[in-house]
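Descriptive analysis of the structure
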Amino acid sequence: MPSTMTHPIDRIYQTILKRDPDQLEFHQATYEVLTSLKPLVDQEPKLSEVVDRLVEPERVIMFRVPWVDDKNVAQVNRGFRVQFNSAIGPYKGGLRFHPSVNLSIMKFLAFEQIFKNSLSGLPIGGGKGGSDFDPKGKSDGEVMRFCQSFMSELAHHIGADTDIPAGDIGVGGREIGFLFGQFKRLKKVFEGGVLTGKGLSYGGSLMRPEATGYGCAYFAQEMLTAKQNSLEGKTLTVSGSGNVAQYCVEKANQLGAKAITMSDSSGFIMDENGIDAQKLAFVMELKNVKHGRISEYVDRYKGARYYEHKKPWAVPCDFAFPCATQNEIDASDARDLVSNGCLGVAEGANMPSTPEAIEIFVENKVLFGPAKAANAGGVATSALEMSQNSQRISWTREDVDARLHTIMNDIYKNASLAAERVGKKDNLLVGANVAGFLKVANAMMAQGVV
Ligand code: NDP
Ligand code: 2IT
């Protein structure tokens with residue numbers, strides 16, 4: 001096209017900036033995808049019409065969540081559900097309860113979910129929700145009352161064929177239980193498929209708790225296998241100590257690697273002897289039952305050290321697994337990883353690397369497994385939970401694990417092939433964006449302007 005004309009993709013991005021100037025995380029997520037799609041739109045200009053619609057959520061729901069704390073004081077939080085795209089299936093995506101939650105974060109997560117869910121190969125659209133409620137320091141009773149109030153509004157907007165929430169930061173088995181109980185009470189129906197991540201006794205799937213972390217380790221293994229390498233004997237740095245981090249460490253251990261760090265929002269611990277199965281069991285009890293701080297690890301394991309207010313990326317490692325939150329690896333962290341000889345990064349968290357950090361990885365040929373691909377095992381297994389709920393049967397652990405493993409390997413293959421297709425061999429970020437997009441774009445074109 002003549003150089004004086006604005007590229008249709010740039011025009012779409014300018015519109016995003018103009019419409020929502022304050023939504024920085026949403027800008028970051030859309031900019032990355034749009035940049036990946038440029039070569040495709042050059043090949044097939046009519047795709048830009050689809051992209052135009054794709055960056056605008058189908059529906060955004062925001063609501064007041066009033067609840068009463070243990071001191072009998074009324075509190076109010078804000079609730080969200082972003083129903084971003086339903087071209088290939090009902091909206092699907094987690095709920096995040098964290099004080100940082102705002103519309104920009106909800107939209108970036110829901111937007112990413114569209115491509116991740118498409119890549120999973122399963123029929124699920126993209127959505128996300130949550131609240132700025134902070135579960136830290138709250139009693140079980142307070143969490144229950146909050147969840148009940150949150151669901152009292154959300155129940156109007158979800159359903160097994162409409163929109164199926166699950167967990168994310170601050171939302172695990174306990175919260176899903178309270179949310180499901182309130183949904184059932186309000187709707188007077190046992191609709192198992194309306195939420196995933198449920199307890200095993202009321203419709204949950206074996207392996208769903210493990211799925212995101214295991215899937216991320218499987219994906220990293222596949223990235224290394226393609227380079228005639230493996231996780232065996234590798235030293236890993238992992239951030240986070242929640243659901244994704246815990247099971248990433250567990251599977252990496254099983255694959256013969258040694259994870260030496262875990263973290264939370266206060267700092268990280270380093271254990272050069274490795275966080276083995278027994279130490280991981282301590283972390284799981286500490287985080288999932290006692291809701292304690294990762295610093296307590298060093299009281300129990302004397303050889304380990306705690307670094308307050310620090311991130312683990314300056315610790316030398318062969319492979320890094322960011323499993324905490326967005327933008328936790330910036331350019332300076334990426335430079336540390338590169339200069340310490342890190343071979344690869346697999347993103348367990350959503351958008352944990354800043355654009356500058358990703359550029360540094362790509363320039364230095366660090367293998368990079370983007371979140372949309374590397375952490376898709378969680379939502380994929382959620383979709384398997386939905387299948388089991390529809391069939392009213394439960395699959396074995398081995399069956400679900402084998403399906404998860406195949407899905408992760410297929411995601412790797414499809415992202416690699418798509419990267420090659422647009423002339424970006426080995427760039428899994430571009431590959432994941434392109435492969436995820438194409439299926440959604442085809443469905444949108446077939447369904448007309450809706
Ligand atoms: P959890 O709530 O179980 O754990 C979150 C962990 O990250 C905790 O260790 C937490 O520390 C830490 N963390 C959270 N916010 C921050 C912050 N702002 N700065 C530093 N550390 C922080 O959540 P999950 O493990 O489920 O989620 C982790 C990441 O994985 C998120 O990005 C999520 O979107 C993503 N993800 C989750 C999936 C799932 O199935 N659960 C699926 C795919 C992606 P602290 O205890 O101090 O808050
Ligand atoms: O980011 C994610 O993919 C999740 N939090 C899991 C979503 C799900 O529906 O299982």
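In this report, the structure presented in the accompanying data block is examined. (Residues numbered from 1 in each chain as written. Chains lettered and ligands numbered in written order. Predicted model: local features only at pLDDT ≥ 70, side-chain atom pairs only at ≥ 80, totals over all residues. Heavy atoms only, no water.)

With that settled, the discussion passes to the overall build of the protein chain. For the protein chain, the count of helices and strands is 16 helices and 12 strands. A globule of 450 residues ought to have a C-alpha radius of gyration of about 22 Å, and the protein chain, at 21 Å, matches this closely. Along the longest, intermediate and shortest principal axes, the C-alpha atoms of the protein chain span 65 × 55 × 40 Å. Buried positions account for 56% of the 450 residues belonging to the protein chain. (Helix = DSSP H or I, 4+ residues; strand = E, 2+ residues; numbered from the N terminus. Rg over C-alpha atoms; globule rule 2.2 N^0.38 Å. Buried < 20%, exposed > 50% of the residue type's maximum accessible area, 1.4 Å probe, protein only.)

This model, assessed by the stated rule, comprises 22 salt bridges. Among the ionic pairs, aspartate 10 bridges to lysine 38, the shortest N-O distance being 3.0 Å. On the criterion of sequence distance, the pair formed by aspartate 10 in helix H1 (residues 8-19) and lysine 38 in helix H2 (residues 24-43) is long-range, its members being 28 residues apart. The class of aspartate 10 is partly exposed, set by a relative accessible area of 29%. On the basis of relative accessibility, which here comes to 27%, the residue lysine 38 falls in the partly exposed class. In this structure, aspartate 333 and lysine 311 form a salt bridge, with 2.7 Å as the shortest nitrogen-oxygen distance. In this pair, aspartate 333 is assigned in helix H11 (residues 331-339) and lysine 311 in the loop between strand E9 (305-308) and strand E10 (319-321), connecting sequence segments 22 residues apart. Residue aspartate 333 is classed as buried on the basis of its relative accessible area, which comes to 9%. Exposure remark for lysine 311: the relative accessible area of 37% places this residue in the partly exposed category. Among the charged side chains, a network of salt bridges with common partners joins Glu32, Glu112 and Lys372. (Salt bridge = Lys/Arg side-chain N within 4 Å of Asp/Glu carboxyl O.)

Moving on, we come to the packing of helix H4 (residues 103-119) against helix H16 (residues 428-446). For any two helices packed against each other, one specifies the inter-axial angle together with the distance between the axes. At a closest axis distance of 8 Å, the pairing of H4 and H16 adopts a crossing angle of 85°. Between H4 and H16, the angle is such that the two are roughly perpendicular. Of the residues in H16, those in contact with Ile114, Phe115, Ser118 and Leu119 of H4 are Ala432, Asn433, Ala435, Gly436, Phe437, Lys439 and Val440. Looking at the contact of H4 with H16 residue by residue, the classes come out as 7 nonpolar, 3 polar and 1 charged. (Axes fitted to C-alpha atoms, helices over the stretch in contact; angles between N-to-C directions. Parallel < 35°, antiparallel > 145°, perpendicular 65-115°, else oblique. Contact = heavy atoms within 4.5 Å. Nonpolar A, V, L, I, M, F, W, Y, C, P; charged D, E, K, R; others polar.)

This part takes up the site of ligand 1. Taken together, 26 residues lie around ligand 1, and Asp168, Thr212, Ser265, Arg293 and Asn350 are the ones closest in. One nitrogen or oxygen atom from the main chain of serine 241 is found 2.9 Å from an oxygen atom belonging to ligand 1. Between ligand 1 and arginine 293, the relevant distance is 2.7 Å, taken from an oxygen atom to a side-chain nitrogen or oxygen of the residue. Counting only elements with at least two residues in the shell around ligand 1, the list comes to helix H7 (208-225), helix H8 (243-254) and strand E7 (258-264). Residue composition of the shell around ligand 1, grouped by class: 5 nonpolar, 13 polar and 8 charged. (Near = heavy atom within 4 Å. Polar contact = N/O pair within 3.5 Å; in protein donor to acceptor, adjacent residues only side chain to side chain.)

This brings us to the pairing of strand E1 (residues 59-68). Judged from the 10 bridges that link them, E1 and strand E2 (residues 74-85) form a sheet pairing that is antiparallel. Residue pairing in the sheet places methionine 62 in a bridge with phenylalanine 80 of E2. Here E1 folds back onto E2, and the loop between the two strands holds 5 residues, one of which, asparagine 72, carries a positive phi near 70°. (Pairing = 2+ DSSP bridges.)

Tracing the chain through its elements places glutamine 182 in helix H6 (residues 173-187). In contact with glutamine 182, not counting residues within four places along its chain, are Gln148, Met151 and Ser152.

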